[in-house]
Amino acid sequence: MGENYALELKQITKRFGSVLANDHVDLTLKKSEILAILGENGSGKTTLMNMIYGIYYPDEGHILVDGKEVSIRSPKDSHHLGIGMVHQHFKLVDVLTAAENIILGLPGKTMLNMKKVTAEIQALVNKYGFDIDLSQKIYEMSVSQKQTVEIVKMLYRGARILILDEPTAVLTPQEADRLFDILRNMRDDGCSIIIITHKLQEVLALSDRVAILRKGRYIDTVETAKANVQSLSEMMVGAKVDLDIDRPEPVSPQKRLEIKGLTCRDKEGIKTLDDVDLVVNSGEILGIAGISGSGQKELLEAVAGLQAAESGTILFTDADGNQKDLAKMDSVEIQELGVSLAFVPEDRIGMGLVGDMDMTDNMMLRSYHNGKGGLLDRRGPRQLATTIKDQLEIMTPSISSPVRQMSGGNVQKVLVGREIAQNPKILMVAYPTRGIDINSSHTIYKLLNEQKKHGVAVICVIEDLDVLLALCDRIAVLCGGKISGVVNGRSATKEGIGLLMTKHEKGGEQ
Amino acid sequence: MSVLIIFIQKAIVQGICILYGALGEIMTEKSGNLNLGIPGIMYMGGISGLMGAFFYEKDNPNPNALVGVLISLLCAFTVAALGGLIYSVLTITLRVNQNVTGLALTIFGTGFGNFFGGSISKLAGGVGQISVKVTGSAYTAKIPGLSKIPVLGDLLFSYGFMTYLCIIVAVLLSVFLFKTRYGLNLRAIGENPGTADAAGINVTKYKYLSTCIGAGLAGLGGLYFVMEYSGGTWTDNGFGDRGWLAVALVIFALWKPLNAIWGAFLFGALYILYLYIPGLGRSMQEVFKALPYVVTIIVLVFTSFRKKKEHQPPAGLGLPYFREER
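Student: Explain the overall build of chain B here, please?
Tutor: The helix and strand inventory of chain B stands at 14 helices and 0 strands. Of the regular secondary structure in chain B, the N- to C-terminal order runs α-α-α-α-α-α-α-α-α-α-α-α-α-α. Here the C-alpha radius of gyration of chain B, 20 Å, is about what a compact globule of 326 residues would show, namely 20 Å. Counting only C-alpha atoms, chain B reaches 60 × 45 × 40 Å along its principal axes.

Listed below in structure tokens is the structure:
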């Protein structure tokens, strides 16, 4: 039996202080298979993988590679065993070329013969059909190219077991499909692949078997062919979950915001937004889709007054029909009109919340200038913090512990909760569910829908197209700072949006 | 004409002092360590080399020039490398702030130099009495024959061996950094230690080695100043601000050893320019002495305009590395 498995984990346990991150986990990976590991945030997926890769060392349990028991104490040990891992944040040196990154740290002759090395790598690249230029510097590459470099790096190091941590989080649907083709090629060539994800659709499309973890415990491994979205998510959450995202019909939508010819430039003088026209209505959710860095952030910031517009107008119409041009106002005035921005940047904390401050103080960031006299009024914000904590079920020891210590999902709830508490007329959220689990995500979708029912114009930037298609009334697609199309959320398809994300001229139904 | 030749000669001599320091600092900074202790380390190297040669000649009735040279080179390199080791232990192992450590080391090194300089002056019988005649003459010996060629000989062959050694070191360092596997690993550490660590490179070992060897190299600059420039004697604070010029030269050279060679000669020329311009008042002299720094600032301004990634300092420069904080 044992020799059929490329990798076996037996009764692996890992504790961090009093927290049990992995509780007697068993896992098997066959040769030539793609195994998906599915679990919510904090279910111990990454911890488990880090133990296979040698970043952590298990407290209890055994790891077997090709049927032999091994001890993996550092990434170097795992390289020797033929295990490679592609992290969510790429481990690449920006100023070096792809080829230089691939051979980094490898033993060999002291003098480097880049030509010979490049030819060797190129042979590997051709074999699996990768699409990269090995002499290109990393900083000139797109995210998907960087990911390719990481995979080639692992293969060049002789990895036969490849672990990918959320590989599609940063890719367009087309790029993800291409990645899947390559992974299937590698599987057919005898590699074993573990893919960590919480996107159920991908699990079903790609994997041979699925292992499910829940709260650090191993639940089960099932054949993908016998599973479906509903069964997988129930195993993942441990209870029956309602996966349908509610989408109420917009109630008497009125034009709230009309953006015309909006153009912005960054510090280097490159256009980040190029002649954007967009209408946002009250009582509806407008989704913004696009490859990251296509101008989503700039669009939201321009509306919030954080980004100066070079040209164009942003006409705000209030309930009584009075119009104001936001492009000519500063951020404080815009806030007073009821335009709220909850931006969750990649590192989550940074813009919007101060990591070292507690919930109360973070609430106060919004309201401190309303106080009378020179002293701060802490009572209101403290009440607000308590309300948000209770309503959104934020897991934190108390409202006076630093926000930095909370998990990602909870931080996002604090941020979104605070913005909603402003009773906004326009609520803008960017990546509100980035990296957080299904339950928390659905709480946030519900919050957005509630706001929509109250007649708020909601603009949200979400990476997951499945969610975007289920939640939004309309979806505007940005590509290179231009609106490449605005589609109806009820009738659009993922493929159609994917095409618009890479298309550089205007199109699509209004 | 002859004034011009002398000017160029002096510029090169000044430049070599700075170049040793800059090469050492480039080696160090490529590992992500910003060692501002280089000026102090150069003092340490200078006085240690001098002491080595002094005691050797003092106890030896018939000193051999070659032995004296080897002793002084070894002393200078070792003690300067120990300075680098102090810095390494503090910043790499104990993760103390790099700037604070570097500045403290500079103050320490300058004091170290002046203290022992004073001590051996006393042993020698008074200030300016230190004599390392045999060793010193080996350092200042010109290339026989070639240095007699008119003009060309004066310009190219009229220096002590350490001048040529310095150029060779610069070329070797460049080959090491950009053409070898170890150089690639070192550059990766300076840019992104986490990535290098994940690629199986021993970050701590590389950082220690490059910082200590870099400090040793810089120490040779101090020795060069003491032996060739001052002819084997010690003056308190005589080395002046050349150590800071070395740090500035690293930036000017955009972290490339080959750029540093001509940069060093330019800095050397600017540093002594005031002596060759007739009729300068005291205050104008000081303005001229600041020229190398002005040039460095201009280079900084231009490189920040161009924003070319290759011209930026190593991305991890000055930051401590914790594996657990990935």
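The structure having been displayed, the exposition proceeds.
Student: Which parts of the structure should I look at to understand the overall build of chain A?
Tutor: Within chain A one finds 16 helices and 20 strands. Taken over C-alpha atoms, the radius of gyration comes to 24 Å for chain A, in line with the 24 Å a tight globule of 510 residues would show. For chain A, the spread of C-alpha atoms along the principal axes amounts to about 75 × 50 × 45 Å. Scored against the burial criterion, the 510 residues of chain A give a buried share of 54%. By sequence separation, contacts in chain A at least 24 residues apart represent 65% of the contacts at least 6 residues apart. When the accessible surface of chain A is summed, it comes to about 22400 Å², and 48% of that surface belongs to carbon and sulfur atoms. Averaging the locations of the 60 positively and 68 negatively charged side chains of chain A gives two centres separated by 2 Å.

Student: Can you walk me through the domain arrangement of chain A in this structure?
Tutor: Interface size is often expressed as the accessible area that is lost when the parts come together. All names here are of chain A. Per the domain assignment, the segments making up chain A are domain 1 (2-237), domain 2 (254-340 + 425-432 + 455-510) and domain 3 (346-422). Computed from C-alpha atoms alone, the centre-to-centre distance between domain 2 and domain 3 is 26 Å. With 8 residues of domain 2 at the interface, the matching set in domain 3 holds 8 residues. Counting each side, the surface lost to burial between domain 2 and domain 3 is near 610 Å², with a carbon and sulfur contribution of 53%.

Student: Got a minute to help me understand the environment of I52 of chain A in this structure?
Tutor: All names here are of chain A. Within the secondary structure, I52 is located in helix α1 (residues 45-53). Residue classification places I52 among the buried positions, given a relative accessible area of 0%. In this structure I52 touches L7, L9, I72, S78, I83, I163 and I194, once residues within four positions along its chain are discounted.

Student: How should the nonpolar core be read in this particular structure?
Tutor: A general feature of soluble globular proteins is that nonpolar side chains tend to end up buried together. M49, M186 and L232 of chain A are the most contacted members of the largest nonpolar core, which totals 164 residues. Among the elements that take part in this core, helix α1 (residues 2-29) of chain B stands out by supplying 13 residues, more than any other. Beyond its immediate chain neighbours, meaning those up to four positions away, M186 of chain A contacts Y128, F130, I151, L155, L162, C191 and I193 of chain A.

Student: Help me understand the sheet that holds strand β12 (residues 271-281) of chain A in this model?
Tutor: Where strands meet in a sheet, backbone hydrogen bonds hold them as pairs that are either parallel or antiparallel. Residues and elements named next belong to chain A. Taken together, the 4 strands give an open sheet; going across it, the order is β12-β11-β14-β15, and neighbouring strands pair in antiparallel fashion. The sheet terminates laterally at β12 and β15 (323-325), the two strands that pair on one side only. The average undirected angle you get between the axes of adjacent strands in this sheet is 15°.

Student: Sorry if this is basic, but what is going on with the side chain of E175 of chain A here?
Tutor: All names here are of chain A. Residue position: E175 is located in helix α6 (residues 173-188). Within the buried set, E175 has no salt-bridge partner at all; the shortest N-O distance to an opposite charge, 5.0 Å, is to R178. At a separation of 3.2 Å, a polar atom in the side chain of E175 contacts the side chain of S144.

Student: Sorry if this is basic, but what is going on with the interface of chain A and chain B here?
Tutor: Taken together, the contact between chain A and chain B spans 26 residues of the former and 21 residues of the latter. Buried area between chain A and chain B, summed over both chains or domains, comes out near 2200 Å², and the portion from carbon and sulfur atoms is 60%. For the pair chain A and chain B, the interface holds 1 salt bridge. A salt bridge links R187 of chain B to E100 of chain A, with the nearest nitrogen and oxygen atoms 3.8 Å apart. At the junction of chain A and chain B, the tally comes to 7 residue pairs in polar contact (both at pLDDT 80 or more). Of all the secondary structure elements, the ones that give two or more residues to the side of chain A that touches chain B are α2 (75-80) and α3 (98-103) of chain A. With 3 residues, the single largest contributor to the side of chain A that touches chain B is α2 of chain A.

Student: Help me understand the pairing of strand β17 (residues 426-430) of chain A, please; the structure alone is not making it clear to me.
Tutor: Residue and element names in this part refer to chain A. In terms of residue burial, β17 counts as a mostly covered element, since 5 of its 5 residues are buried. Where burial is concerned, the two faces of β17 agree: the one with I426, M428 and A430 and the one with L427 and V429 are both buried. Sheet topology note: the β17/strand β18 (residues 457-461) ladder contains 5 bridges and is parallel. If you follow V429 over to β18, its bridge partner there is C460.

Student: Quick question: what am I supposed to make of the packing of helix α5 (residues 133-140) of chain B against helix α10 (residues 203-229) of chain B here?
Tutor: When two helices pack together, their arrangement is captured by the angle between the axes and the distance separating the axes. Residue and element names in this part refer to chain B. Interaxial distance between α5 and α10 falls to 8 Å at its minimum, and their mutual angle equals 100°. Considering their axes alone, α5 and α10 lie roughly perpendicular with respect to each other. Residue-level contacts link T135, Y139 and T140 of α5 to L223, M227 and E228 of α10. The residue makeup of the contact of α5 with α10, split by class, is 3 nonpolar, 2 polar and 1 charged.

Student: What is the right way to look at the packing of aromatic side chains in this model?
Tutor: For any two aromatic rings, the description comes down to two numbers: the centre-to-centre distance and the angle of the planes. In this structure the tally under the stated criterion is 15 aromatic pairs over all chains. With a centroid separation of 6.2 Å and an interplanar angle of 70°, the aromatic rings of Y43 of chain B and W234 of chain B are classed as edge-to-face. With Y43 of chain B in helix α2 (residues 38-59) and W234 of chain B in the loop between α10 and α11 (242-252), this residue pair connects regions lying 191 residues apart in the sequence. The exposure class assigned to Y43 of chain B is buried, which follows from its relative accessible area of 5%. Owing to a relative accessible area of 8%, W234 of chain B belongs among the buried residues under this scheme. Above the plane of the ring of Y57 of chain A lies R73 of chain A, whose end atom (NZ or CZ) is 4.2 Å from the centre. Stacked on the ring of Y229 of chain B, the Lys or Arg R242 of chain B has its end atom at 5.1 Å from the ring centre.

Student: It is not clear to me how the confidence of the model for chain B should be interpreted in this structure. Could you clarify?
Tutor: Should pLDDT be low for a region, the predicted coordinates there are not to be read in detail. Looking at chain B, pLDDT values average 90 and 98% of them are 70 or higher. Both scores are available for the predicted complex, with the pTM at 0.75 and the ipTM at 0.85.

Student: Please explain the environment of K425 of chain A as it appears in this structure.
Tutor: Residue and element names in this part refer to chain A. For K425, the location among the structural elements is in the loop between α13 (408-420) and β17. Residues K425 and Q335, 90 residues apart in the sequence, show an inter-C-alpha distance of 9.8 Å. If sequence neighbours within four positions are ignored, K425 has contacts with R256, F316, L337, G338, V456 and A457.

Student: Please explain helix α12 (residues 257-276) of chain B as it appears in this structure.
Tutor: Two residues of an α-helix separated by three or four positions point the same way, owing to the 3.6 residues in each turn. All names here are of chain B. Here α12 contains 20 residues, and its C-alpha end-to-end distance of 29 Å stays within 8% of the 28 Å for a straight helix at 1.5 Å per residue. In α12, a bend of some 30° at L270 exceeds every other bend along the element. Turning to α12, its buried residues are P257, A260, I261, G263, A264, F267, G268, A269, L270, Y271, I272 and Y274.

Cut-offs applied
Residues numbered from 1 in each chain as written. Chains lettered and ligands numbered in written order. Predicted model: local features only at pLDDT ≥ 70, side-chain atom pairs only at ≥ 80, totals over all residues. Heavy atoms only, no water. Helix = DSSP H or I, 4+ residues; strand = E, 2+ residues; numbered from the N terminus. Rg over C-alpha atoms; globule rule 2.2 N^0.38 Å. Buried < 20%, exposed > 50% of the residue type's maximum accessible area, 1.4 Å probe, protein only. Contact = heavy atoms within 4.5 Å. Areas by Shrake-Rupley, 256 points an atom, 1.4 Å probe, with all protein chains shown as cover. Lys, Arg positive; Asp, Glu negative; His and termini not counted. Charge placed at Lys NZ, Arg CZ, Asp CG, Glu CD. Domains from an automatic or database assignment. Buried area = accessible area lost by both parts, 1.4 Å probe. Core = buried A, V, L, I, M, F, W, Y, C linked by side-chain atoms within 4.5 Å. Pairing = 2+ DSSP bridges. Axes fitted to C-alpha atoms, helices over the stretch in contact; angles between N-to-C directions. Salt bridge = Lys/Arg side-chain N within 4 Å of Asp/Glu carboxyl O. Polar contact = N/O pair within 3.5 Å; in protein donor to acceptor, adjacent residues only side chain to side chain. Parallel < 35°, antiparallel > 145°, perpendicular 65-115°, else oblique. Nonpolar A, V, L, I, M, F, W, Y, C, P; charged D, E, K, R; others polar. Phe/Tyr/Trp six-rings, centres within 6.5 Å; stacked < 30°, edge-to-face > 60°. Lys NZ or Arg CZ within 6 Å of the ring centre and 35° of its normal. pLDDT = per-residue confidence, 0-100. Expected span 1.5 Å × (residues − 1). Bend = angle between axes of the 7 residues up to and from the residue.

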